[in-house]
Amino acid sequence: MQPRIRLLAVIWAAMVAVTTAFVVAQTAQTASAAAVPKWPTKTGDVTVTSIIKVSGTRDGGMKRFCCIGTGGQTESQDPMFELADGATLKNVIIGSPAGDGVHCKGRCTLQNVWWEDVGEDAATFNGTTGDSYVIGGGAKSGSDKLFQHNGSGTIRISNFYAKSIGKLYRACGNCSKSYKRQVVVDNVILDSAKYVVGINTNWGDQATLTRITLINGKSTHVCAEYKGAPKGSEPTYLKDGWGDAYCHVTKSNVTYQ
């Protein structure tokens, strides 16, 4: 083979190898893309005229509960559901307006709960002992935050989907009483979210995040660190934390789609 032909053959083989590697990488990336869950279909309707108080377990059977409140960000709206310590709310679609969503007075579990259009907050956790859980479910259109942590303890959020939200989780930055708060987030898909979590480093808050998928999320703050403030004042944003004493998350824990 002449030298010129041999050189062209080598160049062509290299181009084929690079192209093949690129196709394989793109195929692997597509195959590993997280599947956005299908929004559930209601099995019926329940008209809500006042707070529904839950102790023990309330299984909504995938009925749509509606409506209460203004549907906006007005503070101090009544919740649709108020859960006693240790209560579980599951298989519920919360329609709009939903007031201040769900209030947990103590430890609670929200399992397969879906918010059609978040009003003030999706859920507020006021318990001062133990862990609370958000397992499965989803929410849309929460311009501020979904899960507000006013009490202490740990909130564990897993297998959750949200679209067009401000924050998935916020540790209260200016409540009347300050606590060290913790949040554990695993296997969530967020589409068009401004923040994943926000915590207060001056109070020792900690966040552990794994398997986070962000759709339209190139500018999403993953773990925002704040300096908490007294009631009546606003907390100060400090920075986005990565792998420090407060934000236990690495960039390998986040997938962008």
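Structure first, text after, so check above.
Now for a quick tour of the structure.

The rules behind each value
Residues numbered from 1 in each chain as written. Predicted model: local features only at pLDDT ≥ 70, side-chain atom pairs only at ≥ 80, totals over all residues. Heavy atoms only, no water. Buried < 20%, exposed > 50% of the residue type's maximum accessible area, 1.4 Å probe, protein only. Helix = DSSP H or I, 4+ residues; strand = E, 2+ residues; numbered from the N terminus. Pairing = 2+ DSSP bridges. Disulfide = S-S within 2.5 Å. Salt bridge = Lys/Arg side-chain N within 4 Å of Asp/Glu carboxyl O. Polar contact = N/O pair within 3.5 Å; in protein donor to acceptor, adjacent residues only side chain to side chain. Contact = heavy atoms within 4.5 Å. 1 Å grid on protein atoms, 1.4 Å probe; cavity = no way out; pocket = protein on both sides within 12 Å on 5 of 7 lines; lining within 4 Å. Points joined across faces, edges and corners; volume = space filled by probe spheres on them. Nonpolar A, V, L, I, M, F, W, Y, C, P; charged D, E, K, R; others polar. Phe/Tyr/Trp six-rings, centres within 6.5 Å; stacked < 30°, edge-to-face > 60°. Lys NZ or Arg CZ within 6 Å of the ring centre and 35° of its normal.

Topic: the pairing of strand β9 (residues 131-135)
The two faces of the sheet receive side chains in turn, since in a regular strand these alternate between them. Side chains S132 and V134 of β9 all project onto a buried face; the interleaved residues D131, Y133 and I135 project onto a face where none is buried. Summarising the sheet, strand β7 (residues 108-115) and β9 pair through three bridges and their orientation is parallel. Paired with L110 across the two strands is V134, which belongs to β9.

Brief notes about unusual backbone geometry
The step from C66 to C67 runs through a cis peptide bond, and the omega angle for that step is 5 degrees. Structurally, C67 can be placed in the loop between β3 (57-66) and β4 (81-83). A cis amide bond, omega 5 degrees, links S96 with the succeeding residue P97. Mapped onto the elements, P97 comes out in the loop between β5 (87-94) and β6 (102-104). You will see that N159, though not glycine, has its phi angle at about 55 degrees, which is positive. Structurally, N159 can be placed in the loop between β11 (153-158) and β12 (161-171). Backbone geometry places S164, a non-glycine residue, at a positive phi of 60 degrees. Tracing the backbone shows S164 in strand β12.

Thoughts on the state of the cysteines
For the structure on display, the rule yields four disulfides. Covalent S-S linkage joins C104 and C108, the inter-sulfur distance amounting to 2.1 Å. Residues C104 and C108 are joined through a disulfide that is right-handed, its torsion about the S-S bond being 85 degrees. Among the residues examined, C108 registers a relative accessible area of 3% and is labelled buried. The connectivity of the disulfide-linked cysteines in the chain, indexed sequentially, is 1-2, 3-4, 5-6, 7-8.

A closer look at the pattern of salt bridges
All chains considered together, the criterion is met by eight salt bridges. Between K239 and D244 there is a salt bridge whose closest N-O contact spans 3.9 Å.

Points about the side chain of N91
Structurally, N91 is set in strand β5. Only 3.0 Å separates the side chain of N91 from the side chain of N112, close enough to count as a polar contact. Setting aside anything within four residues of it in sequence, one finds N91 in contact with D59, G60, G61, M62, K63, Q111 and N112.

Structural notes on empty space enclosed by the protein
Enumeration over the complete set of coordinates arrives at one cavity of 30 Å³ or more. When its volume is computed, the largest cavity comes out at roughly 50 Å³. Forming the walls of the largest cavity are G106, F125, N126, G127, T128, T129, G130, S132, H149, S152, T154 and I155. In terms of residue class, the lining of the largest cavity is built from two nonpolar, 10 polar and no charged.

Here's the deal with the packing of aromatic side chains
To describe a pair of aromatic rings, you give the distance between the ring centres and the angle between the ring planes. As enumerated under the stated definition, the model contains seven aromatic pairs in all. Plain terms: the ring middles of W115 and F147 are 5.9 Å apart, the flat faces sit at 75 degrees to each other, and that makes the pair edge-to-face. Here W115 is found in strand β7, whereas its partner F147 is found in strand β10 (residues 138-149), with 32 residues between them in sequence. One aromatic cluster is present, built from ring pairs that chain together W115, F125, F147 and F160. The lysine or arginine in question, K140, covers the ring of W39, its NZ or CZ lying 4.3 Å from the ring centre.

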